[in-house]
Amino acid sequence: QVQLVESGGGLVQAGGSLRLSCAASGSIFVIGDMGWYRQSPGKQRDLVAVITSSSTHYADSVKGRFTISRDNAKNTVYLQMNSLKPEDTAVYYCNADLIATPEDYRYLEVWGQGTLVTVSS
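This section reports on the structure supplied with the text. Residue positions are given per chain, counted from 1 along the sequence in the order it is written. Given that this is a predicted model, residues contribute local features only at a pLDDT of at least 70 and side-chain atom pairs are listed and counted only at 80 or more, while totals for whole chains, interfaces and linings are drawn from all residues. Hydrogens are left out, water is left out, and the side-chain values use all remaining heavy atoms of the structure.

1. Examining the overall build of the protein chain
Here is step 1 of the chain: A run of H or I in DSSP becomes a helix once it reaches four residues, and a run of E becomes a strand once it reaches two; helices and strands are each numbered from the N terminus. Within the protein chain one finds 0 helices and 11 strands.
Here is step 2 of the chain: In the protein chain, the order of α-helices and β-strands from amino to carboxyl end is β-β-β-β-β-β-β-β-β-β-β.
Here is step 3 of the chain: Computed over the C-alpha atoms, the radius of gyration of the protein chain is 14 Å, within 12% of the 14 Å expected from 2.2 N^0.38 for a compact globule of 121 residues.
Here is step 4 of the chain: Its C-alpha atoms give the protein chain principal-axis dimensions of about 50 × 25 × 25 Å.
Here is step 5 of the chain: Per-residue burial over the protein chain gives 40% buried out of 121 residues.
Here is step 6 of the chain: Here, two residues are considered to be in contact whenever any of their heavy atoms come within 4.5 Å of each other. For the protein chain, long-range pairs separated by at least 24 residues make up 57% of all intrachain contacts whose partners lie at least 6 apart in sequence. A radius of gyration in this sense is built from C-alpha atoms; the matching globule rule multiplies 2.2 Å by the number of residues raised to 0.38. Any residue under 20% of the maximum accessible area for its type is buried, any over 50% is exposed, and the rest in between are partly exposed; the area is computed with a 1.4 Å probe on protein chains only.

2. Concerning the state of the cysteines
Here is step 1 of the chain: What counts as a disulfide here is a pair of cysteine sulfur atoms lying within 2.5 Å. Inspection of every chain in the model, using the stated rule, returns 1 disulfide.
Here is step 2 of the chain: The side chain of Cys22 participates in a disulfide bridge whose partner is Cys94; the two sulfur atoms lie 2.1 Å from each other. Handedness of the Cys22-Cys94 disulfide follows from its S-S torsion of about -85°: it is left-handed. In this pair, Cys22 sits in strand E3 (residues 18-25) while Cys94 sits in strand E9 (residues 90-99), placing the two residues 72 residues apart along the sequence. The exposure classification of Cys22 matches that of Cys94, with both residues buried.

3. Description of the side chain of Asp88
Here is step 1 of the chain: Structurally, Asp88 can be placed in the loop between strand E8 (76-81) and E9.
Here is step 2 of the chain: Side-chain polar atoms of Asp88 contact the side chain of Arg65, separated by 2.8 Å.
Here is step 3 of the chain: For the purposes of these results, a polar contact is taken to be a pair of N or O atoms within 3.5 Å, where, inside protein, one atom must be able to donate a hydrogen and its partner to accept one; residues adjacent in sequence count only when each atom of the pair is a side-chain atom. Of note is the side chain of Asp88, whose polar atom sits 2.8 Å from the backbone nitrogen of Lys85.
Here is step 4 of the chain: Once residues within four sequence positions are removed from consideration, Asp88 is found in contact with Arg38, Arg65, Phe66, Ser83, Val117 and Val119.

4. Describing the layout of surface pockets
Here is step 1 of the chain: Think of a 1 Å grid over just the protein atoms. A cavity is a set of points where a 1.4 Å probe fits yet cannot get out, a pocket is an open set with protein on both sides within 12 Å along at least five of seven lines, and lining residues have an atom within 4 Å of a point. Grid points are joined across faces, edges and corners, and a volume is the space filled by probe spheres set on the points. In this model, the largest pocket occupies a volume close to 150 Å³.
Here is step 2 of the chain: In this structure, the largest pocket is lined by Arg38, Gln39, Ser40, Lys43, Gln44, Asp46, Leu47, Ala59, Ser61, Glu87, Thr89 and Ala90.
Here is step 3 of the chain: Of all the elements in the fold, those that place two or more residues in the lining of the largest pocket are strand E4 (30-39) and strand E5 (46-51).
Here is step 4 of the chain: For the lining of the largest pocket, a count of residues per class yields 3 nonpolar, 5 polar and 4 charged. Three categories are distinguished: nonpolar for Ala, Val, Leu, Ile, Met, Phe, Trp, Tyr, Cys and Pro, charged for Asp, Glu, Lys and Arg, and polar for the others, with Gly belonging to the last.

5. Section: the packing of aromatic side chains
What characterises a pair of aromatic rings is the spacing of the ring centres plus the angle enclosed by the ring planes.
Here is step 1 of the chain: The pairing test for Phe, Tyr and Trp rings, Trp by its six-membered ring, is centres within 6.5 Å, and the orientation test on the planes gives stacked under 30 degrees, edge-to-face over 60, and tilted for anything in between. Under the counting rule described, the total for this entry stands at 1 aromatic pair.
Here is step 2 of the chain: By definition here, charges over rings are those cases where NZ of Lys or CZ of Arg is within 6 Å of the ring centre and within 35 degrees of the ring normal. The ring of Tyr78 carries Arg19 above its face, with NZ or CZ at 4.1 Å from the centroid.
Here is step 3 of the chain: Of note, Arg45 hangs over the ring of Tyr93, and the distance from its end group to the ring centre comes to 3.7 Å.

6. Quick word on the nonpolar core
Here is step 1 of the chain: Definition of nonpolar core: a set of buried residues of the types Ala, Val, Leu, Ile, Met, Phe, Trp, Tyr and Cys, connected through side-chain atoms within 4.5 Å. Core analysis: the largest hydrophobic core is formed by 29 residues, its most contacted members being Trp36, Val48, Phe66, Val77, Leu79, Met81 and Tyr92.
Here is step 2 of the chain: Sorting the residues of this core by element identifies E3, E4, E5, strand E7 (66-71), E8, E9 and strand E11 (115-120) as the ones contributing at least two each.

7. A short note on the sheet that holds E3
Here is step 1 of the chain: Two strands pair if DSSP finds at least two bridges between them. Strand order in the open sheet made by the 4 strands is E1-E3-E8-E7, with antiparallel pairing throughout. With one partner strand each, in any of the chains shown, strand E1 (3-7) and E7 form the two edges of the open sheet. The average angle at which neighbouring strand axes cross in this sheet is 15°, direction not considered.
Here is step 2 of the chain: Sheet topology places E7 next to E8; 6 bridges connect them, and they run antiparallel. If you follow Phe66 over to E8, its bridge partner there is Met81. Only C-alpha atoms enter the line fits that serve as axes; for helices the fit covers just the stretch in contact. Angles between N-to-C directions range over 0 to 180 degrees.

See the structure below:
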């Protein structure tokens, strides 16, 4: 099985910073788009940022504050979060599209278990 494991969440004060990491492990032949999503109680899971082979995209609410990046050699995606606000409090989930083996060209959609980010005021 392919697994995504997030880390780096925690409790910070408003205005502080956190860096989230998400490492993919297992059978990975090709890894495509990777992204970060977040979800608060009673709300839908929303896109935070996505990174492709050639571009990045951000939700309007985090533009200028968050930066997504990736290290393809490590199959890892990062989310640098600066100037955090209480509204950023949520469980953050990593997502990746990948092909596990060269014998099967179907893209799989894989999710991590989530990491909690709490921003106090």
